[in-house]
Structure formats: structure tokens, C-alpha cells
Amino acid sequence: MMTTVAFAEVPTPVGPFVLAMTEVGLVASGWGSRPPLAGSLGLAEVHDADRTALAVAELNAYFAGDLRTFETPIDWRLMSGTRLRVLQALHRVPYGTAVTYGELSRLSGTGVPARGIGSIMGSNPIPIVVPCHRVVAGNGLGGFSGGEGVETKRRLLTHEGYLQPTLLDL
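Along each chain, numbering runs from 1 in the same order as the chain's sequence is written. Confidence filtering applies because this is a predicted model: local features only for residues at pLDDT of at least 70, side-chain atom pairs given and counted only at 80 or more, and all residues used for totals across whole chains, interfaces and linings. Neither water nor hydrogens contribute to the side-chain values; these are computed over all heavy atoms in the structure.

Draft legend 1. Inspection of the overall build of the chain at higher detail. Along the backbone of the chain there are 6 helices and 6 strands. Numbering of helices and strands starts at the N terminus; helices are DSSP runs of H or I of at least 4 residues and strands are runs of E of at least 2. Counting from the amino terminus, the chain carries its helices and strands in the arrangement β-β-β-α-β-α-α-β-α-α-β-α. Overall, the C-alpha framework of the chain stretches about 45 × 40 × 25 Å when taken along its three principal axes. The buried share of the chain, taken over its 170 residues, is 46%. Contacts: residue pairs with any heavy atoms within 4.5 Å of one another. Within the chain, contacts between residues separated by at least 24 positions form 58% of all contacts whose residues are at least 6 apart in sequence. To sort residues, take the accessible area from a 1.4 Å probe on protein chains only and compare it with the maximum for the residue type: under 20% means buried, over 50% means exposed, and anything in between is partly exposed.

Draft legend 2. Quick look at the nonpolar core. The criterion is simple. A nonpolar core is a set of buried Ala, Val, Leu, Ile, Met, Phe, Trp, Tyr and Cys residues joined through side-chain atoms within 4.5 Å. Counting residues in each nonpolar core, the largest one holds 38 residues, and the members touching the most others are Leu59, Tyr62, Leu87, Leu90, Leu104, Met121 and Ile128. Among the secondary structure elements, those contributing two or more residues to this core are β2 (17–21), α2 (49–64), α3 (81–91), α4 (101–108) and α5 (114–122). Setting aside anything within four residues of it in sequence, one finds Leu104 in contact with Val86, Ala89, Leu90, Val99, Ile117, Met121 and Val135. Of all hydrophobic cores here, the second largest spans 7 residues; its members include Val5, Phe7, Ala28 and Leu43.

Draft legend 3. Highlighting the layout of surface pockets. A cavity here means a set of 1 Å grid points, computed over protein atoms only, where a 1.4 Å probe fits but cannot escape. A pocket is an open set with protein on both sides within 12 Å along at least 5 of 7 lines, and lining residues have an atom within 4 Å of a point. Grid points are joined across faces, edges and corners, and a volume is the space filled by probe spheres set on the points. Considering only enclosed or pocket space, the largest pocket measures out at about 220 Å³ in volume. Met121, Gly122, Cys132, Ser145 and Gly146 are, among the 18 residues lining the largest pocket, the residues nearest its centre. Within the residue set of the lining of the largest pocket, elements represented by two or more residues are β3 (26–31) and α5. Its residues placed into classes, the lining of the largest pocket shows 8 nonpolar, 9 polar and 1 charged. Under the scheme applied, nonpolar residues are Ala, Val, Leu, Ile, Met, Phe, Trp, Tyr, Cys and Pro; charged residues are Asp, Glu, Lys and Arg; polar residues are all the others, including Gly.

Draft legend 4. Summary view of the pairing of β2. Judged by how many residues are buried, β2 sits mostly within the fold: 5 of 5 residues are covered. Two strands form a pair only when DSSP identifies at least two bridges running between them. Inspection of the sheet shows strand β1 (residues 4–10) paired to β2 by 5 bridges, in the antiparallel sense. The residue bridging Val10 from the neighbouring strand is Phe17, located in β2. Counting the residues in the hairpin turn of β1 and β2 gives 6 residues, including Gly15, whose phi is positive at 110°. Where β2 hands over to β3, the hairpin turn is made up of 4 residues, counted between the paired strands.

Draft legend 5. Spotlight on the sheet that holds β2. Ordered by their spatial adjacency, 4 strands build an open sheet running β3-β2-β1-β4, and the pairing between neighbours is mixed. The sheet is open, and its two borders are formed by β3 and β4 (44–46), each paired with just one other strand. Going from strand to strand, the sheet's axes swing by 30° on average, the running direction of each strand aside. Pairing of β2 with β3, which is carried by 5 bridges, proceeds in the antiparallel orientation. Axes here mean lines fitted to C-alpha atoms, for a helix over just the part in contact, with angles spanning 0 to 180 degrees between N-to-C directions.

Draft legend 6. Here's a closer look at the pattern of salt bridges. By convention in these notes, a salt bridge is any Lys or Arg side-chain nitrogen within 4 Å of a carboxyl oxygen on Asp or Glu. A complete count under the given rule lists 5 salt bridges for this structure. Note that Asp48 and Arg51 form a salt bridge whose closest N and O atoms lie 3.7 Å from each other. Residue classification places Arg51 among the buried residues on the basis of a relative accessible area of 18%. Here the residues in one salt-bridge network are Glu23, Asp48 and Arg51, joined through shared partners.

Draft legend 7. Looking closely at the environment of Arg115. Examined against the element boundaries, Arg115 turns out to sit in helix α5. In this structure Arg115 comes out as exposed when scored by relative accessible area, which is 78%. A sequence separation of 49 residues divides Arg115 from Gln164, and the C-alpha atoms of the two residues are 27 Å apart.

Next up, the structure:
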């Protein structure tokens, strides 16, 4: 039985990023300070740099431009049903590409309307590794709830080469 979670805080070009690892894998990530996961999952917090080392190294390599596919194992326990199917389909969307909300619905086989896909993206507990920034609206970037919102999404998509840099990036 998985009973503990270890945290790592990583400075990134899009702000401080927190990783939460159980014995199974990455269970949550996000911007800012440590999420209240240990309590909400009923997991005891441990200090285990070895457990978080791969995820930290991969996140750093991603932002250095040296990593396109995360190999960090995922602990999907915070997701179930349709939400799980959508996020697992999203996890397979390749670096440097994007899909629309409707395309992700089709890829997941769920038939969830675009607004529902957007809601699932907004509640993604593992951004960047499960790349919700790669889901765009048919007529633009769409929304983003991580970091500094749509600006963070734009920066991630530019980093991956999906969007061209702007004067703001120079």
C-alpha cells in the first residue's frame, strides 16, 4: 500500500514548480508552494530526494531543451473514469504538437464536449508532464489555469517549438 509522498521544489523559467511523488510515481505537480496533498490523500510526507530525483532531472532537462518525452512514472490515483481516460490520452500527445479540445475528446474515445475537456484540463493534477498546455482552442490558445495563465501556456508552447517566439521572448 502506498502511504507516503515526497516533494521537490524546482525553479523553472515559468516559475517555481512543485513535484509530489508517491512510491508509484508522480501524483501531482504545480506552480507555487507545496500543495496540501499529503493531508488530502491521507499520505505521510517523507523527505526522499532519491524518490524525486528522476522527475527533477527530467523537468530540468525539459526546460534545457534536452528532453521531449517524460519517463517519470505516473501515479494516476487522483483520477478515475472519463477524466482518467482523457488525461491518459493527453499524456500521449507528443512534444511540439497540440490538439484541440475536440480532438482530445476523440483521441480519448470519451465523446466529452469541448467545454468538458477544458474543465478536465483545468483540473489536471500533473501539468507539464501530463501536458495540458498542448490542448488549444480551434480559434486560438484557449485557457490555462497554471502559472500566469495563458502567458505560461504560450511560453511552454513556444519552448516546444509549436509557436514562434515573439518580441517578448527575445
